[in-house]
Amino acid sequence: MARPTGFPKADVENDFLRARRRQVLARLAHKLRREPDDVNLVLPFDEVIAALGNRGESYLGLQTIKLASIVGSVDSTRDFDRRFRPTTGRVRERWERLALAQARGESMPPIDVYRIGDLHFVKDGHHRVSIAIATGQDVIDAYVTVVRTVISSHGILHRADLLVRDHERMFRTRVPLPPAMMAKLEVTDPWSWAELGENVEAWGYRAMQYSGEFADRAEIARRWFDEEFTPVVRMLRAADLLGSRTDAEAYMAVAAERYRLIRTHEWTDEIIERLRQNPALR
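Scoring rules and cut-offs
- Residues numbered from 1 in each chain as written.
- Predicted model: local features only at pLDDT ≥ 70, side-chain atom pairs only at ≥ 80, totals over all residues.
- Heavy atoms only, no water.
- Helix = DSSP H or I, 4+ residues; strand = E, 2+ residues; numbered from the N terminus.
- Buried < 20%, exposed > 50% of the residue type's maximum accessible area, 1.4 Å probe, protein only.
- Contact = heavy atoms within 4.5 Å.
- Areas by Shrake-Rupley, 256 points an atom, 1.4 Å probe, with all protein chains shown as cover.
- Core = buried A, V, L, I, M, F, W, Y, C linked by side-chain atoms within 4.5 Å.
- Phe/Tyr/Trp six-rings, centres within 6.5 Å; stacked < 30°, edge-to-face > 60°.
- Pairing = 2+ DSSP bridges.
- Axes fitted to C-alpha atoms, helices over the stretch in contact; angles between N-to-C directions.

Participant: Would you explain the overall build of the protein chain in this entry?
Facilitator: Each helix and strand counted, the protein chain has 10 helices and 6 strands in total. Taking all 282 residues of the protein chain together, 45% fall into the buried category. Of all intrachain contacts in the protein chain linking residues separated by at least 6 positions in sequence, the fraction that spans at least 24 positions is 72%. Within the structure as shown, the protein chain displays about 16,000 Å² of accessible surface, and the carbon and sulfur contribution to it stands at 51%.

Here it is, written out as structure tokens:
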């Protein structure tokens, strides 16, 4: 932040131009690093909610929040980037008018935000956020509404991360595992959630056929985890078949290969040894 000149109008003009310059340089740096286009975009609130699932909301009222926690917007705005630097000159007039009022000591009303996990999405107050960041502030007053989601927002940095969360949410609907069990499942490819869901449902169908009794999704999910996934992963560890894959990825790989090569859904020491000798699983 530059030192004040003593002329508030000149200061806010300089602040705006500096923020625009930083946005242009940041965009150029992203291009030179060949980073995805979504790295520097404001996260869209509606897409985040669609990916995570909405379980309801509650109003917290006025709070002081960190500006660094504001990552998105309810509006599909293209006027500001991820760090709320102006991306266009068309916001300049209002930006400078509000900044000048603030520089002259006028109080600014709190912004309105939605909170998902530890992330905040602006409902009203985009220019005020941009000004606060440009003038070196760390916090801002906000009216906060908390949105509870089906799955956590942890790890969401870019729009591309939403695809992973969306597939995970769908998997949780199909395979409603308790949180402690779900926490042990991890995949790197979002499509793997769909593949794993198919695997669990197929296993559940065979289990019901074998027992002759109906079981709901929650019971099938728990039984699959306890009777199939956990012991198979334990065997894979003992046979050194995990490699660099996650437990869930290694399980899917051997489950598919087991049936393709041996045409069985059973697990025995002989089957594990045959799979161990298969170079495709290394």
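Additional details are given in the paragraphs that follow.
Participant: I keep staring at the nonpolar core and nothing clicks. Help me out?
Facilitator: By size, the foremost hydrophobic cluster in this structure holds 30 residues, and its most contacted members are Leu177, Leu185, Leu196, Trp224, Phe229 and Tyr251. Listed by contribution, the elements that provide at least two residues to this core are helix H6 (179–182), helix H7 (191–211), helix H8 (217–238) and helix H9 (247–262). Per-element accounting of this core gives the leading share, 8 residues, to H8. Apart from residues no more than four positions distant in its own chain, Leu177 is found in contact with Met182, Leu185, Ala221, Arg222, Trp224 and Phe225. Leu67, Phe84, Trp95 and Leu98 belong to the second-largest nonpolar core, a separate cluster that totals 24 residues.

Participant: Before we go on, may I ask you to explain the side chain of His167 in this structure?
Facilitator: Here His167 shows up in helix H5 (residues 160–174). Classification of His167 as buried rests on a relative accessible area of 10%. Residues in contact with His167, not counting those within four places in the same chain, are Pro190, Trp191 and Trp193.

Participant: It is not clear to me how the packing of aromatic side chains should be interpreted in this structure. Could you clarify?
Facilitator: Summed over all chains, the structure comprises 10 aromatic pairs. Seen in terms of ring centroids, Phe229 and Tyr251 are 5.6 Å apart; in terms of plane orientation they differ by 70°. Their pairing is edge-to-face. With Phe229 in helix H8 and Tyr251 in helix H9, this pair connects stretches of sequence that are 22 residues apart. Relative accessible area serves as the criterion here: at 3%, Phe229 is assigned to the buried category.

Participant: Would you mind showing me how to read the sheet that holds strand E2 (residues 54–66) here?
Facilitator: Spatially, 6 strands are ordered E1-E3-E5-E4-E6-E2 in an open sheet, and the strand pairing comes out mixed. The open sheet terminates on both sides in strands that have one partner only, identified here as strand E1 (43–44) and E2. In this structure, E1 lies alongside strand E3 (residues 70–73), joined through 2 bridges in parallel fashion. Bridge pairing links Pro44 to Ser73 in E3. Each of E3, strand E4 (111–116), strand E5 (119–124) and strand E6 (139–149) touches helix H4 (residues 126–134); the most contacted strand, E5, lies at about 125° to it.

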